[in-house]
Amino acid sequence: MNIFILALVYAGNENLRSHLPRSLQTLIVAKEPSQSSKYQLNLDWIDKTPNLKRFVSKVTNEELSKPDRAEVIRVSLFEALIELAVAENERGKEFPNLLKMSSVRRAISILKKLNADLNMLQMKMEAAYGLCKGCLQEKYGKKKKRLPQVICIGAKKCGTGAFQNFLAHHPHLFKPPGYDEVHFFDKEDDYAKGIEYYHSLMPETSAGEITYEKTPKYMVIPEVPGRIYAMNNTVKLIAIVCNPVNRAFSDFTHVVKSGYFKSETTKYMDLTDTDEESRLKGFEGFSDAYITKSNTIKEEQGDAKWRKWVQNVHKEQAMAPIFTIKNLKLN
Ligand SMILES: Nc1ncnc2c1ncn2[C@@H]1O[C@H](COP(=O)(O)OS(=O)(=O)O)[C@@H](OP(=O)(O)O)[C@H]1O
């Protein structure tokens, strides 16, 4: 019965048929189904997922231990999972839900036992869903540079770097290559080079893909909202804000590590000093210098420009209510 099922699967696929014993190949060629029934055969396999279920439930450890049987099972399951991904995508099933199907999970665990190339399988299944970097190009046409449709405008020290790293994993999202932060709208010199210069920094994408950039400084420079609006008044804006006290601490450690304000602060920072009291004094002096000079503190003490940004100027462009990554962490 197992051989019969496998033979049927193989019969629907010319590439697989060559793996069959010669006698069986002849048998199948002799009874080769017409194009339409071939299609029917495949649909039978894909549509009625219980068939996959039945197939995987029949795979025994004993079979897996026989190299020739194991190979047949490996090739069949590999092919079946990719075809299933194509069919389920067309039907509108989400990729994560496909992976949750018990028959798929079982098939993958069998493939694991067989040391199948699961990275390759994942790539092919994702490709069937259009979930691979660059694979929308085939569907939507040529790659070209496009101005960003999404800009993360800050705020500094609220997890914008992590956010950008998360986005980078998405197959359809692209940031300017070689730039973590672009600083086009906030730096006068760069802004003076014109929008063509900004455009030249962008990645090549196809129409179905999205270009984004993040520059936390944008949030606090008064000219930036108008400049972005002039470029494109439908660009989506992402603003991440967080607890100002956490933000100040994060910025403070950043400043200490980076050695900013060194000329101001070295007089307070005698690192060889072992006297606890004077070290503490030195730290307080350093902290005072930080509080006077830090832009981050000034931003929080000032007229909270980011509120104007999001509440007035670009209200309709904010992608979602602002969320506070740090508060999420705290909760
Ligand atoms: N997922 C997540 N949730 C909450 N917080 C996070 C997350 N990822 C990074 N971080 C913290 O964010 C701080 C760095 O923020 P930025 O990347 O925006 O810094 S920067 O402005 O680009 O320099 C920095 O804070 P501190 O560690 O307190 O300095 C990161 O630890």
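All values reported here derive from a predicted model rather than from experimental measurement. (Residues numbered from 1 in each chain as written. Predicted model: local features only at pLDDT ≥ 70, side-chain atom pairs only at ≥ 80, totals over all residues.)

1. A look at the packing of helix α7 (residues 67–91) against helix α9 (residues 102–113)
At step 1: For the pair α7 and α9, interaxial distance at closest approach is 10 Å and the crossing angle is 140°. One finds that α7 runs oblique with respect to α9. Handedness of the α7/α9 crossing: left-handed. For the pair formed by α7 and α9, the contact residues are Ile73, Arg74, Leu77, Phe78 and Leu81 on the first element and Val104, Ala107, Ile110 and Leu111 on the second. (Axes fitted to C-alpha atoms, helices over the stretch in contact; angles between N-to-C directions. Helix = DSSP H or I, 4+ residues; strand = E, 2+ residues; numbered from the N terminus. Parallel < 35°, antiparallel > 145°, perpendicular 65-115°, else oblique. Left-handed = near helix turned anticlockwise from the far one by under 90°. Contact = placed C-beta atoms within 7 Å.)

2. Overview of the environment of Lys145
At step 1: With respect to the helices, strands and loops of the structure, Lys145 is situated in strand β1 (residues 144–145).
At step 2: In sequence terms Lys145 and Met202 are 57 residues apart; their C-alpha atoms lie 5.7 Å from each other.
At step 3: Residues contacting Lys145, with those up to four places away along its chain left out, are His199, Met202 and Glu204.

3. Some thoughts on the nonpolar core
At step 1: Core analysis: the largest hydrophobic core is formed by 20 residues, its most contacted members being Ile151, Ile153 and Ala239.
At step 2: For this core, the elements supplying multiple residues, two or more each, are β2 (150–154), α15 (224–231) and β6 (236–239).
At step 3: Residues Leu52, Val56, Leu84 and Met125 belong to the second largest nonpolar core, which totals 18 residues. (Core = buried A, V, L, I, M, F, W, Y, C linked by C-beta atoms within 7 Å. Buried ≥ 20, exposed ≤ 12 C-beta atoms within 10 Å, placed from the backbone.)

4. Some remarks on the sheet that holds strand β5 (residues 210–214)
At step 1: If you trace the four strands from one edge of the open sheet to the other, you get β3-β5-β2-β6, paired in parallel fashion. Lying at the two open borders of the sheet, with one neighbouring strand each, are β3 (173–174) and β6.
At step 2: Pairing analysis gives three bridges linking β2 to β5, with the strands arranged parallel. Bridge pairing in β5 links Cys152 to Lys214. (Pairing = 2+ DSSP bridges.)

5. A look at the UniProt feature "active site" (unreviewed entry) in the protein chain
At step 1: When the UniProt feature table is mapped onto this chain, "active site" (unreviewed entry) is found at Lys157.
At step 2: Note on placement: Lys157 falls in the loop between β2 and α12 (160–168).
At step 3: Lys157 sits in the buried class, given 22 other C-beta atoms within 10 Å. (UniProt positions renumbered as here; feature names shortened; annotations may be inferred.)

6. Considerations on the environment of Lys156
At step 1: Mapped onto the elements, Lys156 comes out in the loop between β2 and α12.
At step 2: Under the C-beta neighbour-count criterion, Lys156 is labelled buried, with 20 such atoms within 10 Å.

7. Looking at unusual backbone geometry
At step 1: The step from Gly154 to Ala155 runs through a cis peptide bond, and the omega angle for that step is 0°.
At step 2: Unlike most non-glycine residues, Lys157 shows phi in positive territory, near 70°.

8. Things to note about the environment of Pro216
At step 1: Assignment of secondary structure puts Pro216 in the loop between β5 and α15.
At step 2: C-beta crowding within 10 Å serves as the criterion here: with 20 such atoms nearby, Pro216 is assigned to the buried category.
At step 3: As a C-alpha pair, Pro216 and Gly154 span 62 residues in sequence and 3.4 Å in three-dimensional space.
At step 4: Residues contacting Pro216, with those up to four places away along its chain left out, are Gly154, Ala155, Lys156 and Thr160.

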